[in-house]
Amino acid sequence: MPRSEEAEWWANAVYEAIQEVPRGKVTSYGHIARLLGEPQRPRQVGICLKVLASPESGSHFNSSTVPWQRVINSKGMISHRPYDPDLKRTFVYGCVFPADNYSSGPGSAKRQAEALAQEGVEVTTDSMGEMYVDFSRYGWFPSELPSEGTDEQP
DNA sequence: ATGCTGACAGGGT
DNA sequence: TACCCTGCCAGCA
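It should be emphasised that the depicted structure is a prediction, and the values quoted were computed from it without experimental measurement.

J.: It is not clear to me how the protein's contact with DNA strand B should be interpreted in this structure. Could you clarify?
T.: Lining the immediate environment of DNA strand B, one finds 23 residues, of which Y29, G30, G46, K50 and N73 sit closest. Among the secondary structure elements, those contributing two or more residues to the surface near DNA strand B are α2 (29-35), α3 (42-50) and α4 (108-118). The dominant element in the surface near DNA strand B, judged by the number of residues it contributes, is α3, at 5 residues. Residues that form the surface near DNA strand B fall into these classes: 9 nonpolar, 11 polar and 3 charged.

Structure, rendered in structure tokens:
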């Protein structure tokens, strides 16, 4: 979880940007980073999603208010969520958070695919078991966030 | 303190 | 095409 003020700002910006992704569309971690003017930080976008709160937490941004399922990697693939069942935690990146966290932990990649299918996005599985979305049909890659650019005040 | 992990991405070989 | 390397950065061992 973000602790410093800057990290807090970043996480909130990431969540707000993701809320702009329309239902039935998908974008990439890297694109969210570019929209926020930080093209070098796609990983930190993934981190924010990983620590996204559960709805029960009472947090403003949580897995029911942020369409986390609409963010996939640049190859159009639903990213893996490494998980070590023996450790009873969702892998090694610092924060230990509950394995039943809806948007992360075991099975969350499948939940992501299901959530996408539910909003009309076709998810295909290749011979390796990897799940893909076709960006040419469902991709959302605007050059700017709706709020910026056209709407600047002098 | 140091080293090493990642829900990533782009460039180089 | 398929790796490999390099930024990126918070939190454990």
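Once the structure has been displayed, the description carries forward.
J.: How should I be thinking about helix α1 (residues 5-18) in this particular structure?
T.: Because an α-helix completes one turn every 3.6 residues, residues spaced three or four positions apart along the sequence face the same direction. Counted at 1.5 Å a residue, the expected span for α1 with its 14 residues is 20 Å, and the 20 Å between its end C-alpha atoms agrees. Those residues of α1 not exposed but buried are W10, A11, V14, Y15, A17 and I18. The buried side chains of α1 occupy one side of the element, clustering within an arc of 165° when seen end-on. Structural note: α1 exposes E5, E8 and W9 on the side pointing more than 90 degrees away from its buried face. Summarising the contacts, the buried residues of α1 are in contact with α2, α3 and β2 (71-72).

Cut-offs applied
- Residues numbered from 1 in each chain as written.
- Chains lettered and ligands numbered in written order.
- Predicted model: local features only at pLDDT ≥ 70, side-chain atom pairs only at ≥ 80, totals over all residues.
- Near = placed C-beta within 6 Å.
- Helix = DSSP H or I, 4+ residues; strand = E, 2+ residues; numbered from the N terminus.
- Nonpolar A, V, L, I, M, F, W, Y, C, P; charged D, E, K, R; others polar.
- Expected span 1.5 Å × (residues − 1).
- Buried ≥ 20, exposed ≤ 12 C-beta atoms within 10 Å, placed from the backbone.
- Arc of directions from axis to C-beta.
- Contact = placed C-beta atoms within 7 Å.

By themselves these figures say nothing about function.
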